[in-house]
Amino acid sequence: MAATASAPTVDAALRILSFLGTQRGPVAAVTLARALGLPRSSVYRLLSVLQERGFVLHYPDSRRYGLGIASFELGSGYTRQEPITRAGHPVLAALVDRVGESGQLAALYGRDVVYLADERAPGRPVLVTDVGVRLPSWLTASGRALLAALPREQVRALFPHASAFGASGPPYSYSRLRAELVTTRARGHAVENGEITEGLASVAVAVRDRTGWPVAGLAVTFPAGQADASQRGDLVAEVQRHAELLRQRLYG
């Protein structure tokens, strides 16, 4: 009986998460109640539980709710398992063959990126981006591309204070990240220059789902001193083209 009684509650909670996952930013509880046809009191109660578990974030200033870190981790777990990795491998291999530089496919996992696929070009050095490796998202090109594609409120929720950037590695701040992401959005792709491995640079583009939400970052890494502005532009164009190809394979 208890399992039967709880089924509507579970269904309502999943509907709330599904609805939040299709929005471009946080929404008000009243909007959730109206869109899902649920009593407002039930929505507030469920949001409280989901917030406690980290699946939902509350933004007090705007009285709105958005997806939390636990939802990102759940989504990242899905992407690491099959669809994106399976579809991404041949696209990544084609990209590497085309540009002659090593490439990576990564997804967000909380504040980090996890590498789903890594393809090394002939004659290029082994990188630290083996499959399963986690790196700080704010330092990598893939991570910056993914963060730049998120709503600004979501990025702020991921990095609410200085300690979110960790004690190891070069000092970083939210204001520096915000400036980097503004530039990335305006430029249309992310860059990283020697921050992961000295002498190597990367460019990356976010692969988005049907709603525009970033699901993976596609990147190539190359010797920083061997690519002029024109060559970098060619690399970016190829990464963008293959990111669109991967999007089409995943979502049509």
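Residues numbered from 1 in each chain as written. Predicted model: local features only at pLDDT ≥ 70, side-chain atom pairs only at ≥ 80, totals over all residues. Heavy atoms only, no water.

- The name given to the protein chain in an unreviewed UniProt entry is IclR family transcriptional regulator, with the source organism recorded as Kineosporia corallincola.

Side note on the sheet that holds strand 1 (residues 27–28)
Right, so step 1: What the three strands build is an open sheet, ordered 1-3-2; its pairing is antiparallel. Since the sheet does not close on itself, it has two edges, and those belong to strand 1 and strand 2 (56–59), each with one partner.
Right, so step 2: Sheet topology places strand 1 next to strand 3 (residues 64–67); two bridges connect them, and they run antiparallel. Note on strand 3: the bridge partner recorded for alanine 28 is arginine 64.
Right, so step 3: Helix 3 (residues 40–52) rests against strand 2 and strand 3 of the sheet, and its axis sits at about 110° to strand 2. (Pairing = 2+ DSSP bridges. Helix = DSSP H or I, 4+ residues; strand = E, 2+ residues; numbered from the N terminus. Contact = heavy atoms within 4.5 Å. Axes fitted to C-alpha atoms, helices over the stretch in contact; angles between N-to-C directions.)

Re helix 6 (residues 141–148)
Right, so step 1: Within helix 6, eight of the eight residues are buried, leaving the element largely enclosed by the surrounding structure.
Right, so step 2: Buried within helix 6 we find Ala141, Ser142, Gly143, Arg144, Ala145, Leu146, Leu147 and Ala148. (Buried < 20%, exposed > 50% of the residue type's maximum accessible area, 1.4 Å probe, protein only.)

A few points about the sheet that holds strand 9 (residues 214–223)
Right, so step 1: Read across the open sheet, the six strands follow the order 6-5-4-9-8-7; overall the sheet is antiparallel. Looking at strand neighbours, the two that pair on one side only are strand 6 (134–136) and strand 7 (190–193), the edges of this open sheet. Pairwise comparison of adjacent strand axes, ignoring direction, gives a mean angle of 30° for this sheet.
Right, so step 2: Strands strand 4 (102–109), strand 5 (112–119) and strand 9 of the sheet are contacted by helix 5 (residues 83–99), whose axis makes an angle of about 60° with strand 5.
Right, so step 3: Strands in contact with helix 6 are strand 4, strand 5, strand 7, strand 8 (200–208) and strand 9; relative to strand 8, the strand with the most contacts, it is inclined by about 35°.

Notes on the packing of aromatic side chains
Right, so step 1: In this structure the tally under the stated criterion is four aromatic pairs.
Right, so step 2: Considering the side-chain rings of phenylalanine 159 and phenylalanine 165, the 4.9 Å spacing of their centres and the 15° angle between planes classify their relative orientation as stacked. Per residue, the accessibility class of phenylalanine 159 equals that of phenylalanine 165, and both read buried.
Right, so step 3: An angle of 35° between the planes, with centres 5.7 Å apart, marks the rings of phenylalanine 165 and tyrosine 172 as tilted.
Right, so step 4: When its relative accessible area of 4% is taken as the criterion, phenylalanine 165 is described as buried.
Right, so step 5: Taking the relative accessible area as the measure of exposure, tyrosine 172 reaches 11% and is therefore buried.
Right, so step 6: Through a chain of ring-to-ring contacts, three or more aromatic side chains come together here, namely Trp138, Phe159, Phe165 and Tyr172. (Phe/Tyr/Trp six-rings, centres within 6.5 Å; stacked < 30°, edge-to-face > 60°.)

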